[in-house]
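Structural features, examined
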2 protein chains.
Amino acid sequence: MEGGFSMVKIAVDMMGSDSGPETLVDSIKHYLKDFDDVSFLLFGDEKVLSELTKDCPDKNRIEIHNTTSIIPMEIKPLEFLRAKSSSMYQAISAVKEGLADGVLTAGSTGGFVTGATILLRTVEGVLRAGLCSPFPTRKASHPAVILDIGANNYDTEEEVYQFGIMGRLYYQHVLENQNPSVYILTNGAEEGKGTDEVVGAYRLMRERNLPGFKGNVEAREALDGNHDVIVTPGYPGNIFLKACEGVAKMMNDLIKESFKMNLLTKIGYLFSSKGFKRMRKTLDYRQYGGAILLGINGVCVKAHGNSNEYAFYHAIGVCKKMIDVKIVDKIKEEFHDSVNNND
Amino acid sequence: MEGGFSMVKIAVDMMGSDSGPETLVDSIKHYLKDFDDVSFLLFGDEKVLSELTKDCPDKNRIEIHNTTSIIPMEIKPLEFLRAKSSSMYQAISAVKEGLADGVLTAGSTGGFVTGATILLRTVEGVLRAGLCSPFPTRKASHPAVILDIGANNYDTEEEVYQFGIMGRLYYQHVLENQNPSVYILTNGAEEGKGTDEVVGAYRLMRERNLPGFKGNVEAREALDGNHDVIVTPGYPGNIFLKACEGVAKMMNDLIKESFKMNLLTKIGYLFSSKGFKRMRKTLDYRQYGGAILLGINGVCVKAHGNSNEYAFYHAIGVCKKMIDVKIVDKIKEEFHDSVNNND
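Model, not experiment: these values are computed from the prediction.

**Re the overall build of chain A**
A count of helices and strands for chain A gives eleven helices and eleven strands. The C-alpha radius of gyration computed for chain A amounts to 21 Å, which stays within 12% of the reference 20 Å derived for 343 residues, consistent with globular compactness. Along the first, second and third principal axes, the C-alpha atoms of chain A reach 70 × 60 × 40 Å. Counting across all 343 residues of chain A, residues that qualify as buried make up 57%. When contacts within chain A are restricted to residue pairs at least 6 apart in sequence, long-range pairs at least 24 apart make up 71% of them. Measuring between centres, the 39 positive side-chain charges of chain A sit 6 Å from its 45 negative side-chain charges.

Here it is as C-alpha cells:
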C-alpha cells in the first residue's frame, strides 16, 4: 500500500522478445513515468537489466531477479518443468507465490501456455485455458475479442462453450461493454454448420442461455465491428488470426508500393496521407497489446513477439487493467456458480 | 468437329447466380465473340433465356435446355437427388451423359459438391474431391492454389495428401508451371505442428516423395507468392479463405474512406490512382474465375456467387482450359499409377 491505494505488481519475463530487453525496458520506463500505482519484477540477466535500468525514473518500483536461461520458441511440457532457471518460469512462479499480481511475456507462446497451465493451473471448473486476443475491426476503437487463437489444437464443445463465458467476461470488464454479442466462428452462418465441437457448442449456448449469444459468424464478417466476442477451437482460430495478419501485411505493402510507384503517386501521398494515417490507426493491432490467456489462476498476458515499445506499453496496460478489474475473480465466481448449478 | 479442331461443349447452370441469368448471358456472348471453339448448353428457364439470347452473336453455338427449379443455397444429398428438374442437376447430368465436356455454375457450393460427387463420382483412387481455388498473392500474376477450401468439414491424412497430388497437377497443367512447390497449411512452420490429419499428411508426403513438397506454411506467409500449392482440410481451409476475403474487403473499404476524407485526400487520389489501380489488379481474385472441384470424373467449376460479367467470363476460361489440358485424364493417370503401385 502506498498513499492509500494498492500498488499493482507485474512480473515481466524480459528475455523472450525478438527485439531484446532494451525495448521492454523502454516501455517499462515510459509506464513508470505515466502511472504511479504499478511496480515491476523484472526477470532476466541481472547484469544487462541493471545497466539498462540505470537511469530508471522511479527505481524503488523495479526489482531485478537474475535468471540464467531463456525458454526456446518450441518446448515440451517436461522440458518446461526442467527450465526452472529461465526468466519465463521464474516470472510465472512469482504470481504463484503471490509476489506479483500478473505476468507478462513476449516470449514463446507455447512455452507460456504450458508454463502458466502447469504452474498456476486453470480456474476450478475451467476445462482448458484459451488464448484470447482483441482484433481491430472495421469500426475504429471497437475490437472483436476472439478465442481460442491457438493455445490448443483441439477443443471439445464444452471448452468452446466455456470460451464464450470467459470471452464475454473479458469484454464486459476489460473493454467495458456490458452487453457484448457472442458468436461462434464457423464455415457458414446457419445453425448446424461446422465441425462437431462447433455444432455442439452452439447447442450448449442455446440450451444454457449464454447471455448475448447470437449464433454463428463466417470469417468474412467477423471483423465488421458488429461481432464482439467470437469463439472457435484453437486450430482454426490460429489459421484465422494468421490469415488476417498475412492479408493485412500484404495490403499494407501494396499500399506503400502504390504510393511509391512514380512522382505523381508520391505527390498523391502528400495529399492523402492524413486519411491513411487514420486507417493505420484503426487497423493497428498493437493498440491492443497482445493476447491474454483466459481461464488461468492468474493474470497472464502474452505480448507480440515483435512488440515495439508502443505495443509492449499497451500490453502492460492490458495486464494492469485485468488486475484492476479482478478478471480472474470474475471468472472464478462465474465458474463456481456454474459448477454448483450443474451439481 | 468443325474446321478441323474440336468444339468444346460447356454445360452452364444459368439459374444460381446472385445477379440473375442476365450477367451470365452477357459473359457467354462476350466469350462466343472472342473464341470460336466453344459452344454452350444453357440450363434454366427457357422463356427467360430465349429472350436474353435473342441477339446472341453465334446462335448455333448455344443450346437452351428448359429446367423448372433451382437448387437452394442449402441442400441435403437426398434432396439433391430429388431435384432432377433443377438447372444444376441437369447441367451436371449433361457431363455424365457425354453431352458436355464440363459444367459451370454460380449457384450453391454445397449443392454443386453434392451433385457432382453423386452424379459424376470421384476418379478411381481419389477418396474425396477437394474444392480448389487460385488466390492472388503478393506477386502479380503468381497465384497460390489452395485446397480444400470447404467441400468437406473433415479430411483424413490420406485425403489431404491426395489434395497435394491434385493441386500439383492443376498448377502444372492449368497454370503452366512445371515445378510448383507444395506446402501444408498449418499453425506453425515446424514439422509436427497441427492436427493429426495434417501431421499425418506431412509424413505421407515425405515417405512417398511427393515432388515439390517443401513442408508446412503458416497462414501468415501463405500468400507471399513463394508458396504455389497449399493443402488443408476443408474446415480450416474455408476459415482461411473467408478471413482473407474479409480483411481484403475491410481494407478496400478503408482505402476508399481514406481518399474520401476531405478535399485534400480526394486530390491525393487523383495523383495516386494509377498505383492503386495496379494494386486492385494484383489482388483481383475475379481474374481467377472461381473454384474448381478437383478429383471428380468431369470438369466442374464453381464461379463466385456474386460473379460479375468479368468474373464469369474468366470462370468460362478456366473451365475451357481444364478441358483443353485434359486435367481429369491427368488425375486419372496419376491415381491409376498410384493405385497399382500400392497394390
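**With respect to the sheet that holds strand 7 (residues 182–186) of chain A**
Residues and elements named next belong to chain A. As summarised here, the arrangement of the eleven strands in space is 3-2-1-4-11-10-5-6-9-7-8, forming an open sheet in which the pairing is mixed. The two strands at the open ends of the sheet, each matched to only one other strand, are strand 3 (62–66) and strand 8 (213–218). Put simply, the sheet's adjacent strands are angled 25° from each other on average, direction ignored. Looking at chain direction, strand 2 (residues 38–44) and strand 3 are connected through five bridges and run parallel. Bridge pairing in strand 3 links Phe43 to His65.

**A short note on the pattern of salt bridges**
With the rule as written, the count across this model stands at 34 salt bridges over all chains. For the salt bridge of Asp55(B) with Lys29(B), the shortest nitrogen-to-oxygen distance reads 2.7 Å. A residue pair is termed long-range when its members are at least 10 positions apart, and Asp55(B) in the loop between helix 2 (46–52) and strand 3 (62–66) and Lys29(B) in helix 1 (residues 20–34) qualify at 26 residues. For Asp55(B), a relative accessible area of 56% puts it in the exposed group. Relative accessible area serves as the criterion here: at 15%, Lys29(B) is assigned to the buried category. Of the charged contacts, one joins Lys320(B) and Asp324(B) as a salt bridge, the two residues approaching to 2.7 Å between their closest N and O atoms. Taken together, the positions of Lys320(B) and Asp324(B), both in helix 10 (residues 309–324) and four residues apart, correspond to about one turn of that helix. What makes Asp324(B) partly exposed here is its relative accessible area of 42%. Each of Arg138(A), Lys249(B), Asp253(B) and Glu257(B) takes part in a single network of salt bridges with overlapping partners.

**Structural notes on the packing of aromatic side chains**
All told, the structure shown has 21 aromatic pairs over all chains when counted by the stated rule. Considering the side-chain rings of Tyr31(A) and Phe40(A), the 6.4 Å spacing of their centres and the 85° angle between planes classify their relative orientation as edge-to-face. Relative accessible area serves as the criterion here: at 3%, Tyr31(A) is assigned to the buried category. Accessibility expressed as a relative area gives 1% for Phe40(A), which makes it buried. Centroid distance Phe259(A) to Tyr269(A): 4.9 Å. Interplanar angle 65°. Geometry classified as edge-to-face. A residue pair is termed long-range when its members are at least 10 positions apart, and Phe259(A) in helix 8 (residues 234–260) and Tyr269(A) in helix 9 (residues 263–283) qualify at ten residues. What makes Phe259(A) buried here is its relative accessible area of 6%. What links up through ring pairs into an aromatic cluster is the set Phe259(A), Tyr269(A), Phe276(A), Phe259(B), Tyr269(B) and Phe276(B). Just above the ring of Tyr161(A) sits the side chain of Arg208(A); from NZ or CZ to the centre is 4.7 Å.

**Some details on the domain arrangement of chain A**
All names here are of chain A. Here chain A is partitioned into domain 1 (1–126 + 295–328) and domain 2 (127–291). The gap between the C-alpha centroids of domain 1 and domain 2 is 25 Å. Between domain 1 and domain 2, the residue contacts involve 23 residues of the former and 20 residues of the latter. Among the residues domain 1 hides against domain 2, the three largest losses belong to Val126, His304 and Lys321. Together they make up 28% of the total. For Lys321, the salt bridge goes to Glu176, with nearest N and O atoms at 2.4 Å.

Basis of the calculations
- Residues numbered from 1 in each chain as written.
- Chains lettered and ligands numbered in written order.
- Predicted model: local features only at pLDDT ≥ 70, side-chain atom pairs only at ≥ 80, totals over all residues.
- Heavy atoms only, no water.
- Helix = DSSP H or I, 4+ residues; strand = E, 2+ residues; numbered from the N terminus.
- Rg over C-alpha atoms; globule rule 2.2 N^0.38 Å.
- Buried < 20%, exposed > 50% of the residue type's maximum accessible area, 1.4 Å probe, protein only.
- Contact = heavy atoms within 4.5 Å.
- Lys, Arg positive; Asp, Glu negative; His and termini not counted.
- Charge placed at Lys NZ, Arg CZ, Asp CG, Glu CD.
- Pairing = 2+ DSSP bridges.
- Axes fitted to C-alpha atoms, helices over the stretch in contact; angles between N-to-C directions.
- Salt bridge = Lys/Arg side-chain N within 4 Å of Asp/Glu carboxyl O.
- Phe/Tyr/Trp six-rings, centres within 6.5 Å; stacked < 30°, edge-to-face > 60°.
- Lys NZ or Arg CZ within 6 Å of the ring centre and 35° of its normal.
- Domains from an automatic or database assignment.
- Buried area = accessible area lost by both parts, 1.4 Å probe.

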